[in-house]
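Here is what each chain is made of, one letter per residue.
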Amino acid sequence: MNAPLRIALIGAGIMGRQHYQHLRNVPQAQLCAIADPGPQAEVFAAEWGVPCFADHRQMLERVRPEAVIVANPNNLHVATALDCIEAGVPVLVEKPVGVHLDEVRALVEASRSRGVPVLVGHHRRHNPLIAKAHQVIADGKLGRLINVTALWQLQKPDSYFDTPWRREPGAGFLLTNLIHDLDLLRHLCGEVVQVQAFTRNDVRGFANEDSAAVLLQFANGALGSLTGSDAVAAPWSWELDSGESPMYPRQDGQPCYLLAGTQGALSIPQLKRWHYAEAGAGWHTPLLQSEETIPGGEALTLQLQHFVRVARGEQAPLIDAADAGRTLALVEAIRQASQSGRACAPEQIA
């Protein structure tokens, strides 16, 4: 049996600590070091029984981990991952993969040229619920996909914005939150070829958006909409509806994605499927309803188990830097469409 994979953690903030809690449930891996310049990092390192470094490059040189989780601030993701690749260490990078498309392209090239894998932490793809929804669609149970409706509507408390950077440009819910939903829409429904969008910041008046309405045209011909706000008292979002994280009160029975095709429809996260008993039936005929069985498992734990296999060369990343870059390109296209008032196509990522 293989010894546990020695994984270092760069970034001991909220997400880094979440990774550690799940890492404790993965016997195939163990934490070997922490790198974070903040004073809290030494406290966590002492508690977890591992060495602590202010500089991740020093950690890479001295500890020589077999894999690294990068969970530091967004604007440091690519530079940190490039240092890991230079050291020949496979890396799990938190989302977003980067903040600019050019730096993501550099990361893609470095990973490919050095042969060092990068897994990006769009962890919802690992959720068994999403895996089942993907299977339902791939099996053709919905027929040809025609319409997609996505909702991300909730209210962040005022205290959320006490942190200054959350009020500044680039920190709005589009890049922080909706990037997850856009990634799932790409994963479930295919690539997006064109978007139109409107964003507003009327509620709080901060430099970033507090509401958005997006129209999506998919490569397979399906049309979709994504309507979101972090300033409304509403129950429709993955966080509140899926039950994935206990830190959010679950709103049972509420959907956040509705997918409709020529042979059936699917609501997520309920995985309720509607269809007619016979082909060719229409609105005068009652729809049949069924619920798909959802296997167990926590997304972040399953992501870490997958990362161990990726680092050992046993599997390709479920979402690599290029794939995650296409989600970032979609976010950028939405921003451009909102600012210009024109339909925009996402830039290509090799």
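Residues numbered from 1 in each chain as written. Predicted model: local features only at pLDDT ≥ 70, side-chain atom pairs only at ≥ 80, totals over all residues. Heavy atoms only, no water.

A few points about helix α6 (residues 128-138)
Buried within α6 we find P128, L129, I130, K132, A133, V136 and I137. At its buried positions, α6 is contacted by α7 (173-189), α8 (238-242), β12 (257-261), β13 (265-268), β14 (272-275) and α9 (299-311). One or two steps after α6, the chain reaches G140, where phi turns positive at roughly 80°. (Buried < 20%, exposed > 50% of the residue type's maximum accessible area, 1.4 Å probe, protein only. Helix = DSSP H or I, 4+ residues; strand = E, 2+ residues; numbered from the N terminus. Contact = heavy atoms within 4.5 Å.)

Structural notes on the sheet that holds strand β1 (residues 5-10)
In sheet architecture, strand pairing relies on hydrogen bonds along the backbone and comes in two forms, parallel and antiparallel. One open sheet accounts for six strands, arranged β3-β2-β1-β4-β5-β6; its pairing is parallel. Only two strands of the sheet have a single partner each, and these edge strands are β3 (52-53) and β6 (118-121). Pairing of strand β4 (residues 67-70) with strand β5 (residues 91-94) involves three bridges; the strand directions are parallel. Bridge pairing in β5 links I69 to L92. Strands in contact with helix α1 (residues 14-23) are β1, β2 (29-35), β4 and β5; relative to β2, the strand with the most contacts, it is inclined by about 155°. Where helix α4 (residues 77-86) meets the sheet, it contacts β1, β4, β5 and β6, and its direction lies at approximately 180° from that of β5. (Pairing = 2+ DSSP bridges. Axes fitted to C-alpha atoms, helices over the stretch in contact; angles between N-to-C directions.)

A look at the environment of G38
Topologically, G38 is positioned in the loop between β2 and α2 (39-48). Accessibility expressed as a relative area gives 16% for G38, which makes it buried. Residues G38 and A12 lie 26 residues apart in sequence; the distance between their C-alpha atoms is 8.1 Å.

Side note on the pattern of salt bridges
Inspection of the entire model under this criterion finds 19 salt bridges. Of the charged contacts, one joins D183 and R186 as a salt bridge, the two residues approaching to 3.6 Å between their closest N and O atoms. Within this pair, D183 and its partner R186 are both found in helix α7, separated by three residues, close to a single helical turn. Residue R186 is classed as buried on the basis of its relative accessible area of 7%. Where R204 meets D230, a salt bridge forms, and the shortest distance between an N and an O atom there is 2.7 Å. Remark: D230 occurs in the loop between β10 (223-229) and β11 (231-236) and R204 occurs in the loop between β8 (192-200) and β9 (211-218); sequence separation between them is 26 residues. (Salt bridge = Lys/Arg side-chain N within 4 Å of Asp/Glu carboxyl O.)

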